[in-house]
Amino acid sequence: MKRTPHLLAIQSHVIFGHAGNSAAVFPMQRVGVNVWPLNTVQFSNHTQYGQWAGEVLAPAQIPLLVEGIAAIGELGNCDAVLSGYLGSAAQGQAILAGVARIKACNPKALYLCDPVMGHPEKGCIVAPEVSEFLLEEAAAVADIMCPNQLELDSFSGRKAQSLFDCLAMARALLARGPKVVLVKHLAYPGKPEDSFEMLLVTADGSWHLRRPLLAFPRQPVGVGDLTSGLFLARILLGDSLVAAFEFTAAAVHEVLLETQACASYELQLIRAQDRIAHPRVRFEAVPISL
Ligand SMILES: Nc1ncnc2c1ncn2[C@@H]1O[C@H](COP(=O)(O)OP(=O)(O)O)[C@@H](O)[C@H]1O
Ligand SMILES: Cc1ncc(COP(=O)(O)O)c(C=O)c1O
Ligand SMILES: [Mg+2]
């Protein structure tokens, strides 16, 4: 029997609704991964409501929790670490220490870093020191990085001028350390208005994928977290990078279709669960080069 992969997911938890682990854990479980959620914050709701209650986890807790898993002899079973929304840069450093500890037990373990940065217009609030940490430290350690366009622009210090420019910027990020860059959401002058686009860039090649852009009165949150979580889950389940990329695009699109049909602001993960596991739509990743 094939072993069920184990994944340590270090990101935010919201009580109401879906963002961070609250967007990613259930879908990753639904596709067949054992998830170990470590919540960097516990908030009542995501920050784009403009108000929330709750606390950031003390950074010192992260190594203690990882050590607790080591103490019961299970740390070597960890196949991957995923990190997303951070409450502070100190938490980021603690995560990198945790990643080093896990890689010492299991050198094959992967680290996927979703470099969640602020999105001031959208009301996504992240401390500026967190962005700095992601640029300066996390990129050097991550095996896989999943920026959105804004985050890719921050890494590059400029705005993309074209699709090929996005590709060049993703390649530049690759040169900082990660072996795989997934740009979860492209934005560039001239992009067709009715399409939602993503890029997968590795040392072996680059692929571009388009899916329909759906209309929402208010953009749902947690789509990025859902995307990076499913991508890593499918890689752990044995998909090739391109297959994981295509699966992720299809499953996320299914969730958005369900969310739109319910006229909901929050992602409809429970209603869409069978469609997450078995997407009915398919989008093809098309090779592109500079
Ligand atoms: N097919 C789609 N149609 C419309 N909106 C989408 C679609 N896919 C994703 N989105 C939206 O696109 C945005 C992606 O946001 P972005 O900031 O680029 O990434 P992230 O989700 O990581 O913050 C989100 O607001 C999400 O709700
Ligand atoms: C608590 C929390 N976690 C994570 C996110 C990131 O969500 P997204 O997947 O849309 O980038 C947000 C965005 O506002 C948030 O408030
Ligand atoms: Mg995001």
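Please refer to the structure placed before this passage.
Quick look at the structure, then. In this text, all values refer to a predicted model and were calculated from it rather than measured experimentally.

**Some thoughts on the overall build of the protein**
Consideration 1: For the protein, the count of helices and strands is 9 helices and 10 strands.
Consideration 2: Computed over its C-alpha atoms, the radius of gyration of the protein comes to 18 Å, within 12% of the 19 Å expected for a compact globule of 290 residues.
Consideration 3: In terms of overall dimensions, the protein has C-alpha extents of about 50 × 45 × 40 Å along its principal axes.
Consideration 4: Taken across its 290 residues, the protein has 58% of its residues classed as buried.
Consideration 5: Pairs at least 24 apart in sequence give 69% of the contacts found in the protein among residues at least 6 apart.
Consideration 6: Of the accessible surface of the protein, which amounts to about 12300 Å², a share of 56% is contributed by carbon and sulfur atoms.
Consideration 7: In the protein, the 22 positive side-chain charges and the 26 negative ones have mean positions that sit 5 Å from each other.

**Quick notes on the nonpolar core**
Consideration 1: Membership of the largest hydrophobic core comes to 46 residues, with the highest contact counts inside it found for Leu8, Val81, Tyr111, Leu134, Met145 and Leu199.
Consideration 2: Apart from residues no more than four positions distant in its own chain, Tyr111 is found in contact with Val81, Ser83, Ile95, Leu96, Val99, Lys103, Val141, Ala142, Asp143 and Ile144.
Consideration 3: Ranked by size, the runner-up nonpolar core spans 44 residues in total, among them Val35, Val223, Ala233 and Ala285.

**What about the packing of helix α2 (residues 61-71) against helix α3 (residues 89-105)?**
Consideration 1: Relative to each other, α2 and α3 sit at 20°, their axes nearing to 8 Å. As judged from the angle between their axes, α2 and α3 are roughly parallel. Considering the relative orientation of α2 and α3, their crossing is right-handed. Counted together, Ile62, Pro63, Val66, Glu67 and Ala70 of α2 and Gln91, Ala94, Ile95, Gly98 and Arg101 of α3 form the full contact between these two elements.
Consideration 2: Among the residues forming the contact of α2 with α3, the class breakdown is 6 nonpolar, 2 polar and 2 charged.

**Notes on the site of ligand 2**
Consideration 1: With respect to spatial proximity, 13 residues lie near ligand 2, and among them Ser12, Thr47, Gln48, Gly222 and Asp225 are the closest.
Consideration 2: Take Gln48: an N or O atom from its side chain is 3.0 Å from an oxygen atom of ligand 2.
Consideration 3: Computed on the free molecule, ligand 2 has an accessible area of 390 Å², of which 94% lies beneath the protein chains in the complex.
Consideration 4: Tallied by class, the residues present in the shell around ligand 2 amount to 5 nonpolar, 7 polar and 1 charged.

**Quick word on the sheet that holds strand β1 (residues 6-14)**
Consideration 1: Pairing is mixed across the open sheet formed by 10 strands, whose spatial order is β3-β2-β1-β4-β5-β6-β7-β8-β9-β10. In this open sheet, the two edge strands, each paired with only one partner strand, are β3 (54-56) and β10 (286-288).
Consideration 2: For strand β5 (residues 110-113) and strand β6 (residues 144-145), the ladder comprises 2 bridges, and the chain directions are parallel. Directly across from Leu112, in β6, lies its bridge partner Ile144.
Consideration 3: In this fold helix α1 (residues 21-31) packs onto β1, β2 (34-43) and β4 (80-83), with an angle of close to 145° to the strand it touches most, β1.
Consideration 4: Across the sheet, α3 is in contact with β1, β2, β3, β4 and β5; its angle to β5 comes to roughly 160°.

Rules used in this analysis
Residues numbered from 1 in each chain as written. Chains lettered and ligands numbered in written order. Predicted model: local features only at pLDDT ≥ 70, side-chain atom pairs only at ≥ 80, totals over all residues. Heavy atoms only, no water. Helix = DSSP H or I, 4+ residues; strand = E, 2+ residues; numbered from the N terminus. Rg over C-alpha atoms; globule rule 2.2 N^0.38 Å. Buried < 20%, exposed > 50% of the residue type's maximum accessible area, 1.4 Å probe, protein only. Contact = heavy atoms within 4.5 Å. Areas by Shrake-Rupley, 256 points an atom, 1.4 Å probe, with all protein chains shown as cover. Lys, Arg positive; Asp, Glu negative; His and termini not counted. Charge placed at Lys NZ, Arg CZ, Asp CG, Glu CD. Core = buried A, V, L, I, M, F, W, Y, C linked by side-chain atoms within 4.5 Å. Axes fitted to C-alpha atoms, helices over the stretch in contact; angles between N-to-C directions. Parallel < 35°, antiparallel > 145°, perpendicular 65-115°, else oblique. Left-handed = near helix turned anticlockwise from the far one by under 90°. Nonpolar A, V, L, I, M, F, W, Y, C, P; charged D, E, K, R; others polar. Near = heavy atom within 4 Å. Polar contact = N/O pair within 3.5 Å; in protein donor to acceptor, adjacent residues only side chain to side chain. Pairing = 2+ DSSP bridges.

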